[in-house]
Amino acid sequence: DIQMTQSPSSLSASVGDRVTITCRASQSISTYLNWYQQKPGKAPKLLIYAASNLQSGVPSRFTGSGSGTDFTLTIGGLQPEDFATYYCQQSFSSPQGFGQGTKLEIK
Amino acid sequence: QLQLQESGPGLVKPSETVSLTCTVSGGSISSSSYYWGWIRQPPGKGLECIANIYYSGSTYYNPSLKSRITISLDTSKKQFSLELTSVTAADTAVYYCARGIKGDVARFDYWGQGTLVTVSS
């Protein structure tokens, strides 16, 4: 199975900050990488697919990049509604595993 | 707008079988462009893909659960279901159903709200 490792596990930031979350795959997955946002008590929401493609309706302050084994999710200009947990997911091979999550908290 | 809604028993005793159903509305369940999946999340933990089913009827099961799970699709009812046998406390989780997009890069674009399954005597 391909292992997905996110860093950091948690992150404190302020409204207006720019933050970056990293996801690393245990082997090359090309750009078969998706990012999800999850708020407490809610289902995950697709933000980015294929490493860098913004899902319809998602604000442009969310950007994704990377290929191979290293990927990043950047949020430019944090808004109050962005404080949540973020997960990466690989869909290169089954099982389509998720990273352990990065909890973004208000400083 | 596509909507997915999970339904299930909520509380199950150890060693029993839990059956979950996802009802799809606002869109087709019969398109070959999509697949349908179950993902679970133990309390306070991360996400785990359990099983997927395709319109063709082909299925994928997470190897860690393969001996205990069955996924099925009923297009006439616009539902797909998950059966998990011999449950233990480790199966306590929120179970989500979701629509997956096939093609370039598979991803889950629509999710149900989730249903909590608690395994306890």
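Before any of the text, the structure's been laid out above.
On a predicted model such as this, the values are computed, not experimentally measured, just so you know. (Residues numbered from 1 in each chain as written. Chains lettered and ligands numbered in written order. Predicted model: local features only at pLDDT ≥ 70, side-chain atom pairs only at ≥ 80, totals over all residues. Heavy atoms only, no water.)

Peer 1: Would you take a moment to explain the sheet that holds strand S3 (residues 18-25) of chain B for this structure?
Peer 2: By way of backbone hydrogen bonds, the strands of a sheet pair with one another, either parallel or antiparallel. All names here are of chain B. Strand order in this open sheet of 4 strands is S1-S3-S8-S7, and the pairing throughout is antiparallel. The sheet terminates laterally at strand S1 (3-7) and strand S7 (69-74), the two strands that pair on one side only. Adjacent strand axes in the sheet meet at a mean angle of 15° when their direction is disregarded. Pairing analysis gives 6 bridges linking S3 to strand S8 (residues 79-84), with the strands arranged antiparallel. In the strand pairing of S8, Val-18 is matched with Leu-84. (Pairing = 2+ DSSP bridges. Helix = DSSP H or I, 4+ residues; strand = E, 2+ residues; numbered from the N terminus. Axes fitted to C-alpha atoms, helices over the stretch in contact; angles between N-to-C directions.)

Peer 1: What exactly am I supposed to notice about the packing of aromatic side chains here?
Peer 2: Geometry of an aromatic ring pair is reported as the spacing of the ring centres plus the angle between the planes. Scanning all chains against the criterion turns up 10 aromatic pairs over all chains. Seen from their ring centres, Tyr-36 of chain A and Trp-111 of chain B are 5.7 Å apart, and the 75° between their planes marks the pair as edge-to-face. Within this pair, whereas Tyr-36 of chain A is found in strand S4 (residues 33-38), its partner Trp-111 of chain B is found in strand S10 (residues 107-111), the two belonging to separate chains. Residue Tyr-36 of chain A shares its accessibility class with Trp-111 of chain B, and that shared class is buried. Plain terms: the ring middles of Trp-36 of chain B and Phe-80 of chain B are 5.6 Å apart, the flat faces sit at 45° to each other, and that makes the pair tilted. Within this pair, whereas Trp-36 of chain B is found in strand S4 (residues 34-41), its partner Phe-80 of chain B is found in strand S8, the two being separated by 44 residues in sequence. On the basis of relative accessible area, Phe-80 of chain B is assigned to the buried category, the value being 0%. An aromatic cluster is present here, built from Tyr-36 and Phe-98 of chain A together with Tyr-35, Tyr-54, Tyr-96, Phe-108 and Trp-111 of chain B joined pairwise through their rings. (Phe/Tyr/Trp six-rings, centres within 6.5 Å; stacked < 30°, edge-to-face > 60°. Buried < 20%, exposed > 50% of the residue type's maximum accessible area, 1.4 Å probe, protein only.)

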